[in-house]
Amino acid sequence: MSQYPIQAFLAGTGRDGAGRVLKDILAYDDPHIEGVHDFIQWCFPLHEASFAVPGAPVLSRAEAEAIRSDSAALSGLRAALGRMTRFYAETDGWLRAHDHNHLRITRILSALSDLLGPEPAAEFHAFVTARNAKAGGPVNATSLHYWDSALRGA
């Protein structure tokens, strides 16, 4: 088992702060994805603390390197990406001017850029921006700017 908690969680051998394993979260239905707010920080970790969920894990440089070199953790990250992509494809509640999912999308883009590289991040960015465009562009310009910045790793 990994010495790093986020890596172990993504690899399927560890638990998050609420005691869940990754497969539990991947099995959430869409209302559960929408209503639970303390899993996204484990699935898409960042190097800075979460303002939304105090006590959520913060990714260290060493743990990020460990995740990048761990095929099981990368597979878990890709599975989490697949689940969230399905959520954003199957739901429309986030397609409005202001929604907490806009912050989630920024987090996902940042984590993907950092841990998987620019191509998966660009694909997810293209997907969410196309969904927004197809819905008539309801997402506010500030959120779109944050998504673009996250894609660039800024």
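So, here is what we can say about the structure in this document. Everything numeric here is computed off the predicted structure, so don't read it as measured data.

**Some words on the packing of helix 8 (residues 118-134) against helix 9 (residues 141-152)**
Okay, step 1: Two elements in contact, helix 8 and helix 9, have axes separated by 10 Å at closest approach and are oriented at 165°. With respect to each other, helix 8 and helix 9 are oriented roughly antiparallel. The handedness of the crossing between helix 8 and helix 9 is left-handed. Across the interface between the two elements, A121, A122, H125, V128, T129 and N132 of helix 8 pack against L144, W147, D148 and L151 of helix 9.
Okay, step 2: Residues that form the contact of helix 8 with helix 9 fall into these classes: six nonpolar, three polar and one charged.

**Considering the nonpolar core**
Okay, step 1: Core analysis: the biggest nonpolar cluster contains 40 residues, and F39, F44, M84, I108 and F124 have the highest contact counts within it.
Okay, step 2: Residue assignment for this core shows that the elements contributing at least two residues are helix 1 (5-11), helix 2 (22-26), helix 4 (40-43), helix 5 (61-68), helix 6 (71-90), helix 7 (100-115), helix 8 and helix 9.
Okay, step 3: No other element matches the eight residues that helix 6 contributes to this core.
Okay, step 4: Each residue touching F124, except ones within four places of it in the same chain, is listed here: L81, T85, Y88, I105, I108, L109 and L112.

**With respect to the packing of aromatic side chains**
Okay, step 1: All told, the structure shown has six aromatic pairs when counted by the stated rule.
Okay, step 2: The interplanar angle of 70° and the centroid separation of 5.0 Å between the aromatic rings of F87 and Y88 together place this pair among those described as edge-to-face.
Okay, step 3: By relative accessible area, Y88 is classed as buried at 0%.
Okay, step 4: Summarising the aromatic geometry, the rings of F124 and F127 are spaced 6.2 Å apart at their centres and angled 40° between planes, so their arrangement reads as tilted. One end of the pair is F124 and the other is F127, both in helix 8 and three residues apart, which spans about a single turn.
Okay, step 5: Aromatic rings pair up to connect F87, Y88, W94, F124 and F127 into one cluster.

**A word on the environment of R152**
Okay, step 1: The topology assignment puts R152 in helix 9.
Okay, step 2: In sequence terms R152 and F44 are 108 residues apart; their C-alpha atoms lie 17 Å from each other.

**A short note on the layout of surface pockets**
Okay, step 1: In this model, the largest pocket occupies a volume close to 530 Å³.
Okay, step 2: Taken together, 20 residues make up the lining of the largest pocket; nearest its centre are F51, A52, L103, R104 and R107.
Okay, step 3: For the lining of the largest pocket, the secondary structure elements donating two or more residues are helix 4, helix 7 and helix 9.
Okay, step 4: Of the residues forming the lining of the largest pocket, the biggest block, seven residues, is contributed by helix 7.
Okay, step 5: Class assignment for the residues of the lining of the largest pocket results in eight nonpolar, nine polar and three charged.

Calculation notes
- Residues numbered from 1 in each chain as written.
- Predicted model: local features only at pLDDT ≥ 70, side-chain atom pairs only at ≥ 80, totals over all residues.
- Heavy atoms only, no water.
- Axes fitted to C-alpha atoms, helices over the stretch in contact; angles between N-to-C directions.
- Helix = DSSP H or I, 4+ residues; strand = E, 2+ residues; numbered from the N terminus.
- Parallel < 35°, antiparallel > 145°, perpendicular 65-115°, else oblique.
- Left-handed = near helix turned anticlockwise from the far one by under 90°.
- Contact = heavy atoms within 4.5 Å.
- Nonpolar A, V, L, I, M, F, W, Y, C, P; charged D, E, K, R; others polar.
- Core = buried A, V, L, I, M, F, W, Y, C linked by side-chain atoms within 4.5 Å.
- Buried < 20%, exposed > 50% of the residue type's maximum accessible area, 1.4 Å probe, protein only.
- Phe/Tyr/Trp six-rings, centres within 6.5 Å; stacked < 30°, edge-to-face > 60°.
- 1 Å grid on protein atoms, 1.4 Å probe; cavity = no way out; pocket = protein on both sides within 12 Å on 5 of 7 lines; lining within 4 Å.
- Points joined across faces, edges and corners; volume = space filled by probe spheres on them.

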